[in-house]
Amino acid sequence: MSTKQPDKAGAPLQPAATRPASIPQPRGAQPPAPASQMSQQTLLRVVAKMAIPFILVFGVYVILHGELGPGGGFQGGVILAAGFILYGLVFGSDELRKRIPPKIIDSCMALGALLYACVGLVSMLRGGTFLDYGILTNGTASGNEALGMSLVEYGVGLTVCSVMITIYIQISERRATVRLEERGL
Amino acid sequence: MDWFPEFFRPHLPVLVVILPLFGGLLAPFTALIRRGGGIFAWLWTALITAAVFVCATVLLYDVHTGGEAITYRLGSWPEQYGIGYTVDSLNAYVIFVVALIAFLATIYAKDSVIDEIVIDRHHLFYTVWMLAIAGLLGITVTGDTFNIYVLLEISSLTVYTLIAMGGERDRRALVASLKYLVLGSIGATFILLGIGYLLMLTGTLNMADMHAKLVEMHQAGELAGNKTVMVSFAFLMVGLSLKMALFPLHLWLPNAYTYAPSSVSALVASTATKVGVYMTFRFVFTIYGGGVFDSGEDLHFLALCASAGIVVSSFSAIRQVNVKRVLAYSSVGQIAYIVLGFSLANQDGVTASVIHIFNHAVIKGGMFMAIGAVALRMGGTSVDDIKGIGKRMPLTAAAFTVGGCGLIGVPLTAGFVSKWYLVVGTMQEGYWYLAFVVLLGGVLALIYVWRLIEMIWFHEPVDPDKEVEEAPLSMLIPMWILIGASVFFGVNASWTADSAAAAARLLLAGGM
């Protein structure tokens, strides 16, 4: 029988040096958010910082080649958002909000859909019907079709990406409900 | 209507959808001018909805003078492959109603939104507001069944959000909105399944095409005992009944209407369920009608639900202590009248349904506006809050009273015209017991409306010392336009009756 029984508290077996510095905390103080703990792990930080640029480039690639290959605005937008969300998971959503302020994300949500709608509007103003790609510019019909489709996909990508990031930020906001109660509502 | 720019005239069917769509997408940027958009967000919304109303009016005029349906092909694709918008005398009429209510509700919303929504969210409120209008108008204008589903999701999701915005006043709005979300999503899924089965059967998504294929199959004898067509009809009916709050499936409605912000109640109560009814018309008559089924007996079940709904919801309305809840239960009853009308599948019955879409929209819109004004001045909508407002807010109280008379169906109000057609329709089929249910509904409405009118005019206020002034003009004007319309079209019903009769002829063109 082993004599190395874990102690009563069942503390994890790890060297004291790697534990977070044990600063005595006042009773009832909030434990640090899981996200901030994650940013202290070297491995996660390094891998995330290396992976994020590749994720973003891949997302842009999927959006840009949507009309030719598999993928498109929606899929690319989700991949792009995954890069930002990974950043938010590792470094905390406050840090993410500092990098891309909610104001910009909100505007991007509307701008993407506007780009889509404007393609339709331009073709309407040029004498066709709404979303009639064929007469978007003076060039050939097939070229216009490709242009219209691509622009629409870019719009979709922008909107999907910013909506995904917004959803992440909204559900990671831990104090949202507390704030409402503090305001007496 | 020659003043309308010639360039945009052929684009009218799509303009009524993309105007509020663009408006909604641009509305968030009013926050750049002032925090939360403030007055600019409202001004922009009023401008857009006014333009939509003008377009809807010209569209209605064009359809009536042209005499035939206007078709618009998105992206110039033929309807079989792309999306075709088709406007005939039925949906031109519904588009006009929705656009009118949307415009007036926007004017009305100015003061009520300042009072009820947190100041830095006004631009978002109006964004969602306009997207909801775009969705509702889109459902009405499109001739493509899958497009109906997509726009239904747009309008439903935005309406859930609008109702949840009442959560800043009363947290119960969040629960009401969630309940509506769950039930509404189930309804939308059922509609999608129904459309899917239809696609499987006919290989097309365009309504006119679907109908032609079904008639072809019926003549070839392939539809008799065909399970797919039965299942699709069943899924569609359950989904649509959920969306328009037909009696056993109405449970989401009372709380949603009660806890929503006042302006949202006025908009949603008079447009969302009406658009649900319009969809039902399209599926029942345009797709399955006119020679697909041998008889209209499948609709008898709807008549049963509707009759039960009229009686049960009226009894529920009598017992409520919140005035908005009384109006919400009354809406369930009024939807049941509309369903009862078209389930008869005869000219007068369907006319009654179509005419009541307009009449109920103006009456209930006006009454929700009146109770919203009370909420603004008194801070609540319970029966205690309306006690004695006859002396304090005479114009609002009078509007509420006239609207109440319309609900009962007093002669010289619009409600009377609808009930007249409905009773004539039931008697033509020999269903005297349905006529009795309609009249019983009127008596029950008298009880729940009189209870409120008595409190408004004859009770003493709960706190007599409180200083209360009349509602602002921006609320009174839209309120009285709607209530005035309900009286005008009760006295001179020729315009509504003619439009409704034309729409009913169109729906019943091929017989049932």
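Residues numbered from 1 in each chain as written. Chains lettered and ligands numbered in written order. Predicted model: local features only at pLDDT ≥ 70, side-chain atom pairs only at ≥ 80, totals over all residues.

In plain terms, the rule: UniProt positions are given in the numbering used here, feature names are shortened, and annotations may be inferred rather than shown by experiment.
By the naming in an unreviewed UniProt entry, chain B goes by NADH dehydrogenase/oxidoreductase and is assigned to Plesiocystis pacifica SIR-1. What UniProt records for chain B under Sequence similarities (unreviewed entry) is the sentence "Belongs to the CPA3 antiporters (TC 2.A.63) subunit D family."

In the annotation of an unreviewed UniProt entry, chain A is listed under the name Na+/H+ antiporter MnhB subunit-related protein and assigned to Plesiocystis pacifica SIR-1. Quoted verbatim from the Sequence similarities (unreviewed entry) field of the UniProt record, the comment on chain A reads "Belongs to the CPA3 antiporters (TC 2.A.63) subunit B family." UniProt annotates chain A under Subcellular location (unreviewed entry) with the comment "Cell membrane".

### Describing the overall build of chain A
Rules: Helix and strand definitions follow DSSP, with helices as H or I runs of at least four residues and strands as E runs of at least two, each counted in order from the N terminus. Residues with at least 20 neighbouring C-beta atoms inside 10 Å of their own are called buried, those with 12 or fewer are called exposed, and the rest are partly exposed, where every C-beta is derived from the backbone. We call two residues in contact if the C-beta atoms placed from their backbones are at most 7 Å apart.
Scanning chain A from N- to C-terminus turns up seven helices and zero strands. Scored against the burial criterion, the 185 residues of chain A give a buried share of 27%. Taking all contacts inside chain A whose residues are at least 6 apart in sequence as the whole, residues at least 24 apart take part in 65%.

### Considerations on the overall build of chain B
Test applied: In this setup the radius of gyration rests on C-alpha atoms only. A globule is expected at 2.2 Å times the number of residues raised to 0.38.
Looking only at helices and strands, one finds 20 helices and two strands in chain B. Taking 24 Å as the expected radius of gyration for a compact globule of 512 residues, we find that chain B reaches 22 Å, a close match to that expectation. Reported as C-alpha extents along the three principal axes, the dimensions of chain B are approximately 75 × 55 × 45 Å. Counting every position in chain B, which comprises 512 residues, the buried fraction comes to 59%. Counting only contacts in chain B whose residues sit at least 6 apart along the sequence, the fraction spanning at least 24 positions is 81%.

### Looking at the packing of helix H4 (residues 122–141) of chain B against helix H10 (residues 262–287) of chain B
All names here are of chain B. To keep it simple, the criterion reads: Only the stretch in contact is used when fitting a helix axis, every axis being a line fitted to C-alpha atoms; angles between N-to-C directions are given from 0 to 180 degrees. We call two directions roughly parallel when the angle between them is under 35 degrees, roughly antiparallel when it is over 145, roughly perpendicular when it lies between 65 and 115, and oblique otherwise. Crossings are assigned a handedness: left-handed for a near helix turned anticlockwise from the far helix by less than a right angle, right-handed for a clockwise turn.
Relative orientation of the contacting elements H4 and H10 amounts to 20°, with a least axis distance of 10 Å. Relative to H10, H4 is oriented roughly parallel. The hand of the H4/H10 crossing is left-handed. For the pair formed by H4 and H10, the contact residues are Leu136, Ile139 and Thr140 on the first element and Thr271, Ala272, Val275, Tyr278 and Met279 on the second.

### Section: the interface of chain B and chain A
Defined as follows: Each residue gets one label: Ala, Val, Leu, Ile, Met, Phe, Trp, Tyr, Cys and Pro are nonpolar, Asp, Glu, Lys and Arg are charged, and the others, such as Gly, are polar.
At the junction of the two partners, chain B supplies 13 residues and chain A supplies 14 residues. Listed by contribution, the elements that provide at least two residues to the side of chain B that touches chain A are helix H1 (12–26) and strand E1 (70–73) of chain B. If one sorts the elements of the side of chain B that touches chain A by residue count, H1(B) sits on top with five residues. Each residue belonging to the side of chain B that touches chain A can be placed in one class, and the counts come to eight nonpolar, three polar and two charged.

### A closer look at the UniProt feature "transmembrane region" (unreviewed entry) in chain A
Residue and element names in this part refer to chain A. The UniProt entry lists residues 46–66, 72–92, 104–126 and 146–169 under the feature "transmembrane region" (unreviewed entry), expressed in the numbering used here. Helix makes up 90% of residues 46–66 and strand makes up 0%, while its end C-alpha atoms are separated by 31 Å. This span, residues 146–169, is 100% helix and 0% strand, and a straight line between its end C-alpha atoms measures 35 Å.

### A few points about the environment of A:Gly139
When you line up the elements, A:Gly139 lands in the loop between helix H5 (102–125) and helix H6 (141–172). Along the primary structure A:Gly139 and A:Met124 are separated by 15 residues, whereas in three dimensions their C-alpha atoms are 16 Å apart.

### Focus: the nonpolar core
Residue and element names in this part refer to chain B. Filter applied, for reference: We call a set of buried Ala, Val, Leu, Ile, Met, Phe, Trp, Tyr and Cys residues a nonpolar core when their C-beta atoms link them within 7 Å.
Counting residues in hydrophobic clusters, the biggest one holds 221 residues, and the most contacted among them are Val16, Ile95, Ala99 and Ile163. Broken down by element, the residue count for this core peaks at 19 residues, all from helix H3 (residues 89–116). Once residues lying within four places of it in the same chain are set aside, the contact partners of Val16 are Val52, Cys55, Ala56, Leu59, Ile95, Ala99, Leu137 and Val141.

### Side note on the UniProt feature "domain: Na+/H+ antiporter MnhB subunit-related protein" (unreviewed entry) in chain A
Following the UniProt record, one finds the feature "domain: Na+/H+ antiporter MnhB subunit-related protein" (unreviewed entry) at residues 44–165 of chain A. What you have in residues 44–165 of chain A is 79% helix and 0% strand, and the ends, taken at the C-alpha atoms, are 20 Å apart.

### Description of helix H11 (residues 300–319) of chain B
All names here are of chain B. Keep this limit in mind: Given the number of residues in a helix, its expected span is that number minus one, multiplied by 1.5 Å.
For H11, built from 20 residues, the straight-helix expectation of 28 Å at 1.5 Å per residue is met to within 8% by its first-to-last C-alpha distance of 29 Å. Leu302, Ala303, Cys305, Ala306, Ser307, Gly309, Ile310, Ser313, Ser314 and Ala317 are the residues of H11 that are buried. Its buried side turned inward, H11 meets helix H12 (323–343) and helix H18 (432–458).

### Section: the environment of B:Ile453
Among the structural elements, B:Ile453 can be located in helix H18. Discounting chain neighbours no more than four positions away, the residues touching B:Ile453 are B:Thr401 and B:Gly404.

### Brief notes about the confidence of the model for chain B
The condition is simple: The pLDDT value tells you how sure the predictor is about a given residue, anywhere from 0 up to 100.
Per-residue pLDDT for chain B has a mean of 90; in total, 99% of the residues score no lower than 70. Element-level pLDDT for chain B is lowest in helix H15 (residues 389–392) of chain B, with a mean of 86, against a maximum mean of 94 in helix H5 (residues 145–164) of chain B.

### Observations regarding unusual backbone geometry
Residue and element names in this part refer to chain B. Of note, the phi angle at Ala245 is positive, near 60°, even though the residue is not glycine. The phi torsion at Ala345 lies on the positive side, around 55°, for a residue other than glycine. With respect to the secondary-structure elements, Ala345 resides in the loop between H12 and helix H13 (347–378).

### Here's the deal with the packing of H12(B) against helix H17 (residues 414–428) of chain B
Residues and elements named next belong to chain B. In the contact formed by H12 and H17, the axes pass within 10 Å of each other and the chain directions differ by 40°. Between H12 and H17 the crossing geometry is left-handed. Contacts from Tyr337, Leu340 and Gly341 in H12 reach Ser418, Leu422 and Gly425 in H17. In terms of residue class, the contact of H12 with H17 is made up of three nonpolar, three polar and no charged.

### Examining the confidence of the model for chain A
All names here are of chain A. Looking at chain A as a whole, the pLDDT averages 77, with 72% of positions reaching at least 70. Confidence over residues 1–23 falls short of pLDDT 50; this stretch has one contact with residues more than four positions distant or in other chains. When the criterion is pLDDT under 50, residues 176–185 qualifies, and its contacts beyond four places in sequence or with other chains add up to two contacts.

### Brief notes about the environment of B:Phe247
Residues and elements named next belong to chain B. Take Phe247: it is sitting in the loop between helix H8 (227–244) and helix H9 (253–259). Residue Phe247 is classed as buried on the basis of its C-beta count, with 23 C-beta atoms lying within 10 Å. The residues touching Phe247, leaving out its near neighbours within four places in the chain, are Cys305, Ala306, Ala308, Gly309, Val312, Ser313, Val332 and Ala336.

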